[in-house]
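Close look at the chain arrangement
Chain by chain, the residues run as shown.
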Amino acid sequence: MQRDPDPQQIADLRADLDDARYTVDGLADAWGPIAAEALGRDDPEPALAALERRPATPAGVLGALFVLGAARPVGAVDSALPRLGAAGAERLGLVRVDGDAVRAVVDLRPYALADESGVASWWIASDPGEMALGGELPEEHVLGAGSASTTLAQILVPTGTGRVLDLGTGSGVQALIAARSAGTVVATDVSARALDFAGFNAALNRVRLDLREGSLYEPVADERFDRVVTNPPFVITPRVDGVPAYTYRDGGFGGDGLVEAVVRGAAEHLAPGGVAQLLGNWEVHGDQAATRERVLGWADGLDVWVVQRDLLDPAQYAETWVRDGGAQPGTARFRTLVRAWLDDFAARGVTAIGAGYVTLRASRRAATLRRFEHLDGAVGSGIGGAIEAALAAHDLQHALADDALADTVLEVAPDVTEHRHYWPGDADPTVIELVQGTGFARVRRVDTVTAAVVGASDGELPLGAIVDAVARLLDADPVDTRAAVLPIVRELWFEGFLALR
Ligand SMILES: C[S@@+](CC[C@H](N)C(=O)[O-])C[C@H]1O[C@@H](n2cnc3c(N)ncnc32)[C@H](O)[C@@H]1O
């Protein structure tokens, strides 16, 4: 792959892909919804069958070639890429022409994202995946935009116009996303091949990236950023012969050492007020409370908020990542690899592996946020905005003693609904829940007093007046009621059920 492709050839490719309607929707139309679902399960057959039955379209030809890994005749490729042609695509390093057959040597597909900054789409070139290769990936595989890439993209707080670092850029997905608003995007990777793909993708999508080769923060020593974004190679991998070390998912550290190094290094590379966000895996050595302290401890000097989205036992974890590498369950290779993972975990006393999101912030004053929570339910849209609002809520209320909080006017967020559950025939509810429709889609069980306070928070009256009125209504002591409710209100404000008017 060419890091600095010829500008005319890349312009021709861009125009051809545009004309072919080589978009997420264009491909879905080319092979239909059933095939699209099957591709999500790495099954190309329904898409190939649909393309055979339907009249050929440029998007269908390109999808067969670059997504499904199927050969196409030179004439069909020339028609689908009228400016570039099969010969030009070969010069760009996208395909190999062998007689009348054209075969892709890269995966090239449209990628679209909708977030707080709007809807955007790109084309991303990467190495062909297992489906196109029909077997295990090579260790130097360069990843395209996978599900983890999208997860990270969707939790990012809006980037702003400052300097962004995408650490471990791979084919450049996060860097392209950040470049929509950022002033500068520095994209690093330990893999020169990855940077070649990132450079090609930047040129194809008309984006400027500052590409730097090297491990972790090495290429940005002494530099600070307003945002650090990283989907690091967080997969915990046994360091023994015979276990492949995939650059894209494995940074060569033992245990969860790579994620620890990324978190520990952030303090030296965040500008004041800067935010780093990453996906990570961390080991649990028996005790969840100790895990909480260990992971939060990596972020010494920073605000830190860890959202653990999943907790896997060692066998589940091993099976997931052995399968991800292409080994099939039931084979001797699968069993050997799973055993290597289990032995590695046993050697360190690992009882479970946590996975989730980490948000770090270089506070302008002393760090005050230290939060680790397990949230494994389905999430809604707008998580990036929810994280940004939670950080702002934390700062605002941190400065407020309870008296000042009582003078604050809050209102219930527009996506919140109250759900009441009753035993049949009972007049009073047994359970009251506040339910968010967006962001983390939290469900919070509350008591009658809190439900009444939240319900009355319409942005008109100060919180203290509402709490006092509810206490009077329920014949409760107002001082005790404030003491009980205000800490809960702080939490509900951080979590986004309540917002500052
Ligand atoms: C999971 S991929 C993420 C790619 C892309 N940023 C995304 O979100 O899809 C991890 C990337 O980190 C790179 N990498 C591996 N070890 C690294 C290291 N020690 N320092 C920097 N990058 C590394 C890999 O080459 C790979 O491109």
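As a reminder, the structure under discussion sits directly above these lines.
The following paragraphs examine the structure supplied in this document. (Residues numbered from 1 in each chain as written. Predicted model: local features only at pLDDT ≥ 70, side-chain atom pairs only at ≥ 80, totals over all residues. Heavy atoms only, no water.)

The sheet built from eight strands is open, its strands ordered β8-β7-β6-β9-β10-β12-β11-β13 with mixed pairing. Single-partner strands in this sheet number two, and they are β8 (210–213) and β13 (370–374). Each adjacent strand pair in this sheet contributes to an overall mean axis angle of 15°, direction not counted. Bridge analysis of strand β6 (residues 163–167) against strand β7 (residues 184–189) gives five bridges, and the strand direction is parallel. By the bridge assignment, Leu165 is partnered in β7 with Val186. (Pairing = 2+ DSSP bridges. Helix = DSSP H or I, 4+ residues; strand = E, 2+ residues; numbered from the N terminus. Axes fitted to C-alpha atoms, helices over the stretch in contact; angles between N-to-C directions.)

On to the packing of helix α17 (residues 448–456) against helix α19 (residues 478–495), then. Helix-helix packing is characterised by the crossing angle of the two axes and by the distance between the axes. Closest axis-to-axis distance for the α17/α19 pair is 10 Å, and the angle between their directions is 60°. By the angle between their axes, α17 is oblique relative to α19. In the crossing of α17 with α19, the sense of the turn from one axis to the other is right-handed. Here Val449, Thr450, Val453 and Val454 of α17 come into contact with α19, specifically with Thr481, Val485, Ile488, Val489 and Leu492. Of the residues contributing to the contact of α17 with α19, the split by class is seven nonpolar, two polar and no charged. (Parallel < 35°, antiparallel > 145°, perpendicular 65-115°, else oblique. Left-handed = near helix turned anticlockwise from the far one by under 90°. Contact = heavy atoms within 4.5 Å. Nonpolar A, V, L, I, M, F, W, Y, C, P; charged D, E, K, R; others polar.)

Considering the arrangement of structural elements, one finds Glu388 in helix α15 (residues 383–398). Setting aside chain neighbours within four positions, we find Glu388 in contact with Val157 and Pro158.

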